Amino acid sequence: MRGGITAPLVAASVALAGSLGATFALHRFASFALDRELDDRLRGAGEAGSLLIASLQRDRVPMEALMRAHALDGAYVVDRERRVLTDAAGQTGRRVDLLRTDMTRLQRAFAGDASIAHGYALDDLEVLSGYFPIRDRKGEVDSVLVLDAGASFTGARHALWRSFLMGAVLSLIGAAALGVVAFRWTRVERQRQETAARASRGEALARMAAFAAHEIRNPLGVIRGTVELFRERVASRLTGRDRDALEDILGEVERLRLLTQDLLDLSSDRPLERSRVAVGELLRDAARATEREHPQIQIRVDGGELPPLEADPSRLRQVFTNLLTNAAQAQQVGTVEVVARSSNGGLSVVVRDQGPGVEADIRERLFEPFVTSKERGTGLGLALSRRIVERHGGTLRLLEEARSGAAFEAWLPTEGSSG
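Model, not experiment: these values are computed from the prediction. (Residues numbered from 1 in each chain as written. Predicted model: local features only at pLDDT ≥ 70, side-chain atom pairs only at ≥ 80, totals over all residues. Heavy atoms only, no water.)

*Asks:* So what exactly am I meant to see when it comes to the packing of aromatic side chains here?
*Replies:* What characterises a pair of aromatic rings is the spacing of the ring centres plus the angle enclosed by the ring planes. For the coordinates displayed, the defined rule picks out 1 aromatic pair. Seen in terms of ring centroids, Phe367 and Phe408 are 6.2 Å apart; in terms of plane orientation they differ by 80 degrees. Their pairing is edge-to-face. With Phe367 in the loop between strand S10 (346–352) and helix H9 (381–391) and Phe408 in strand S12 (residues 407–413), this residue pair connects regions lying 41 residues apart in the sequence. In terms of burial, Phe367 and Phe408 fall into one category: buried. Just above the ring of Phe367 sits the side chain of Arg386; from NZ or CZ to the centre is 3.9 Å. (Phe/Tyr/Trp six-rings, centres within 6.5 Å; stacked < 30°, edge-to-face > 60°. Helix = DSSP H or I, 4+ residues; strand = E, 2+ residues; numbered from the N terminus. Buried < 20%, exposed > 50% of the residue type's maximum accessible area, 1.4 Å probe, protein only. Lys NZ or Arg CZ within 6 Å of the ring centre and 35° of its normal.)

Next up, the structure:
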């Protein structure tokens, strides 16, 4: 009997130690990643803002736009006499607030050294501040841009700490539950298997979230903010072609933002936004975008008369763009073929390239997340594309062909699709 009691106690103790250790390690990793993301975000805003403000003679309008675009609490320009030249949220001509200004970092900025660090605290709110040199036309630093980021930036740290405490509490509860159910081996084994499955799924989602947060969202925010500021300040001097180019940039930024959301929602299955879709036009649109990205590739679309689909157009465009981009990267130069035909009560779209083909050792796992043969690939495109097609009631597969290269077929039902 004692052994029966000791075993669950040992299991509970081991589980508690492991859970707390894992929670602490994840908290440390997440804290490091969050600090890096906040620093990069503020640095991107400061570098873009200092260049723009210098070129526009420190007008207050771009300062206000800078604050709105990056959700800042303060943005102002200081000269060497410690006077505020321009302030997006206050009066100009005054001396800087010594209680909120780090004079050492201010002097370093006048020496050309930008910095980001803890600035000051208001009650429990920590304010992150950045000092960025502004150079004149001769390249000399004549003023400094100071940015203050409060709740919109550092509030995430408090949420992370609350998550850590919740994780610790959940670890205690989990250990107690394991001690109770350990009396019956079958229930313990079932729980272990379920926990392993959840852990495997959670790891995949965590990796996708980290990729989206650090590799896509940060640069996209800087690009979008800079383009919007630039468009606002020089609107009167833009030609129609210039405005179209800026809209194209912002459109692609928005498309990539939606892609990051799709990555994070890969397992949560956000509802499809269905409408009547002309697949031929969608294919040609994706082909034009791919040709712009790969000037040495020509895409030949053979579509003919195609039936319309009730589908989510943005998701299908994402699938076609992924397939065409993979083909263009594999082939590098020449013509990629796209053939769309009515087939078996649905619509078949085949994308065929003349590249080196798919390596035999990854064919079986090709549609799994993070499986790729590309040196710099993420292995997410095909996994996400198959999931989108399947949610439309269709299939996505690699065709077995004798010819060189690779061919992928997306089949979509014309009626009765579900997802």
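There is more to say, and it comes next.
*Asks:* Help me understand H9 in this model?
*Replies:* Regarding H9, the residues found buried are Leu382, Ala383, Leu384, Ser385, Ile388, Val389 and Arg391. In the stretch just after H9, Gly393 is the one whose phi turns positive, near 85 degrees.

*Asks:* Mind showing me how you'd approach the sheet that holds strand S9 (residues 334–343) here?
*Replies:* Note on sheets: strands pair through backbone hydrogen bonds, and any given pair is parallel or antiparallel. One open sheet holds the 5 strands; their spatial order is S7-S9-S10-S12-S11, and the pairing between them is mixed. Two strands bound the open sheet, and with one partner strand each, they are strand S7 (297–302) and strand S11 (395–398). Each neighbouring strand pair of the sheet contributes to a mean axis angle of 15 degrees, computed without reference to strand direction. Of the strand pairs in this sheet, S11 and S12 are connected by 4 bridges, and their pairing is antiparallel. Residue pairing across strands places Thr395 opposite Trp411, the latter belonging to S12. Where helix H8 (residues 313–331) meets the sheet, it contacts S7, S9, S10, S11 and S12, and its direction lies at approximately 145 degrees from that of S9. (Pairing = 2+ DSSP bridges. Axes fitted to C-alpha atoms, helices over the stretch in contact; angles between N-to-C directions. Contact = heavy atoms within 4.5 Å.)

*Asks:* Could you clarify how one ought to interpret the pattern of salt bridges in this entry?
*Replies:* Two side chains bearing opposite charge may form a pair once their charged atoms approach each other closely. In this structure the tally under the stated criterion is 15 salt bridges. Put simply, Asp285 and Arg317 hold a salt bridge, and the shortest N to O gap is 2.9 Å. Linking Asp285 in helix H7 (residues 279–293) with Arg317 in helix H8, this pair joins segments that are 32 residues apart in sequence. For Asp285, a relative accessible area of 28% translates into the label partly exposed. In this structure, Arg363 engages Glu400 in a salt bridge whose closest nitrogen and oxygen atoms are separated by 3.4 Å. Linking Arg363 in the loop between S10 and H9 with Glu400 in the loop between S11 and S12, this pair joins segments that are 37 residues apart in sequence. A residue is classified by how much of its surface remains accessible, and Arg363, at 30% relative accessible area, is partly exposed. The network of salt bridges with common partners includes Glu281, Arg284, Asp285, Arg288 and Arg317. (Salt bridge = Lys/Arg side-chain N within 4 Å of Asp/Glu carboxyl O.)

*Asks:* Honestly, the environment of Ala69 in this entry has me stumped. Any pointers?
*Replies:* Among the structural elements, Ala69 can be located in helix H2 (residues 60–70). Between the alpha carbons of Ala69 and Val222 there is a distance of 9.1 Å; along the sequence they are 153 residues apart.

*Asks:* Looking at this model, I keep getting lost on the side chain of Asp79. Mind explaining?
*Replies:* Position of Asp79 among the secondary structure elements: in strand S1 (residues 74–79). Asp79 has contacts with Leu85, Phe110, Asp142 and Ser143, leaving out every residue within four places of it along the chain.

*Asks:* Looking at this structure, I do not really get the packing of H7 against H8. What am I missing?
*Replies:* Each pair of packed helices can be described by the angle between their axes along with the distance between the axes. At a minimum axis separation of 9 Å, H7 and H8 run at an interaxial angle of 45 degrees. Relative to H8, the element H7 lies oblique. Read as a crossing pair, H7 and H8 show a hand that is right-handed. Residues Val279, Leu282, Leu283, Asp285, Ala286, Ala287, Ala289 and Thr290 of H7 form the contact with H8, whose own contacting residues are Pro313, Leu316, Arg317, Phe320, Thr321, Leu324, Thr325 and Ala328. Its residues placed into classes, the contact of H7 with H8 shows 11 nonpolar, 3 polar and 2 charged. (Parallel < 35°, antiparallel > 145°, perpendicular 65-115°, else oblique. Left-handed = near helix turned anticlockwise from the far one by under 90°. Nonpolar A, V, L, I, M, F, W, Y, C, P; charged D, E, K, R; others polar.)

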